[in-house]
Amino acid sequence: MSHSLRVVFAGTPDFAAASLLALLDSRHQVVAAYTQPDRPAGRGRKLTPSPVKALAQEHGLPVHQPTSLKDTDAQQTLAALEADVLVVVAYGLILPQAVLDIPRLGCLNVHASLLPRWRGAAPIQRAIEAGDTRSGVTIMQMDAGLDTGAMLLVRETPITATTTGGELHDRLAPLGGEAIVEALDALATDGLTATPQPSEGVTYAAKLSKAEAELDFTRPAHELAARVRAFNPWPVAWTRLAGEPLRLWLAEAEAEAEAEAEAERPGVAPGTLLRSAPDALRIACGHDGTQVVRITRVQLPGGKPLAVRDLLNARGERFPEGLRLGQEDRA
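To start, this report covers the structure provided alongside it.

About the thresholds
Residues numbered from 1 in each chain as written. Predicted model: local features only at pLDDT ≥ 70, side-chain atom pairs only at ≥ 80, totals over all residues. Heavy atoms only, no water. Pairing = 2+ DSSP bridges. Helix = DSSP H or I, 4+ residues; strand = E, 2+ residues; numbered from the N terminus. Contact = heavy atoms within 4.5 Å. Axes fitted to C-alpha atoms, helices over the stretch in contact; angles between N-to-C directions. Core = buried A, V, L, I, M, F, W, Y, C linked by side-chain atoms within 4.5 Å. Buried < 20%, exposed > 50% of the residue type's maximum accessible area, 1.4 Å probe, protein only. Salt bridge = Lys/Arg side-chain N within 4 Å of Asp/Glu carboxyl O. Parallel < 35°, antiparallel > 145°, perpendicular 65-115°, else oblique. Left-handed = near helix turned anticlockwise from the far one by under 90°. Nonpolar A, V, L, I, M, F, W, Y, C, P; charged D, E, K, R; others polar.

1. Remarks on the sheet that holds strand β7 (residues 107-111)
Step number 1: If you trace the seven strands from one edge of the open sheet to the other, you get β5-β2-β1-β6-β7-β9-β10, paired in mixed fashion. Of all strands in the sheet, those with a lone pairing partner are β5 (63-64) and β10 (151-158), marking the two edges.
Step number 2: Relative to strand β9 (residues 134-141), β7 is paired through four bridges, and the arrangement is antiparallel. Bridge pairing in β9 links V110 to I139.
Step number 3: Where helix α1 (residues 14-24) meets the sheet, its contacts fall on β1 (6-11), β2 (29-34), β6 (85-89), β7 and β9, and the angle it forms with β1 comes to roughly 165 degrees.
Step number 4: Together, β1, β6, β7, β9 and β10 form the strand contacts of helix α6 (residues 165-187), whose direction differs from that of β10 by roughly 150 degrees.

In structure tokens, the structure reads:
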């Protein structure tokens, strides 16, 4: 049996809290947690602790919330904890080389992609948006670059044609926890082989923004469906319905055979509502409007997300065939 390592944990969101929970349940000793300063949240903008802070306090761990790790005092505080290893998961602060050098075994990162694909801020969503068929977590020995360190352990999981960003997040979070515990167990005994990342296949997962969530129906159906799924539950894809925002939660590309009849219609502009299916809004898309994306879950302004089947039963008059989505209200 491997001996216990002395661990300092650094992370902020729910995804990171899953790894912290796994470490707390392991044989290793978590001696402190680092997390982002409390942020305003909710309608009252009340200062709210991060999920990692809440979990750490629940387990009686000391919590540190520096605004930076670049100053000497912050580095001395970390060094005084005498950690064997610093585990970093979606922390949100840059770790300078001086910090990377403090723990005896260095700093390990749980990254939600199969590196070197999708380095950066939003690997889960970008993998789905790009149409990837697999994702996973990589345990990486951190260096000064952006997710460029050597790989210690990789665990994979499939992405299907219906996987959403939220579903993949919820699968990868516990997988990351299992993987980091396995990595620490190995480091505490015989060690792990560090494999440099290949130079081929590097992609960057840019941070998500609300601005990119508005759909452009001149894009192909498979692209639009992937973006809808990737951006569920945030920032949520949307379009305009009579000038008002219509949020789109689930979508799929209609098979070409099913779309052929609509393709024969002359002059159908991208974004035009076609004859609805019982359970889907069918929208013409592609540069010439000959493809069809099926929206199966939507949210009207001020309402809750609803299956389109229920929405059509209650408010079908708002979705007449021939209506053009994505247009400003010119009434």
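That shown, we press on.
2. Looking at the nonpolar core
Nonpolar side chains in soluble globular proteins tend to be buried together.
Step number 1: Counting residues in hydrophobic clusters, the biggest one holds 47 residues, and the most contacted among them are F9, F15, L23, I139, I180 and L184.
Step number 2: The element best represented in this core is α6, accounting for 10 residues.
Step number 3: Excluding its chain neighbours within four sequence positions, the residues that come into contact with I139 are L108, N109, V110, A150, M151, L152, L153, G176, A179, I180 and A183.
Step number 4: Judged by nonpolar contacts, the second largest core, of 24 residues, contains V228, I295, L300 and L312.

3. Focus: the pattern of salt bridges
Step number 1: In the structure shown here, the tally under the stated rule is 17 salt bridges.
Step number 2: For the salt bridge of R126 with E212, the shortest nitrogen-to-oxygen distance reads 2.9 Å. A residue pair is termed long-range when its members are at least 10 positions apart, and R126 in helix α5 (residues 123-129) and E212 in the loop between β11 (204-205) and α7 (221-230) qualify at 86 residues.
Step number 3: Across the salt bridge formed by E223 and R219, the nearest N and O atoms sit 2.8 Å from each other.
Step number 4: According to the relative accessible area criterion, R219 is partly exposed, its value standing at 38%.

4. Here's the deal with the packing of α1 against helix α2 (residues 51-58)
Step number 1: Packing of α1 against α2 brings their axes to within 8 Å, and their N-to-C directions diverge by 25 degrees. The orientation of α1 with respect to α2, classified from their angle, is roughly parallel. Every pair of crossing elements has a handedness; the one defined by α1 and α2 is right-handed. Residue-level contacts link D14, A16, A17, L20, L21 and L24 of α1 to P51, V52, L55 and A56 of α2.
Step number 2: A per-class count over the contact of α1 with α2 returns nine nonpolar, no polar and one charged.

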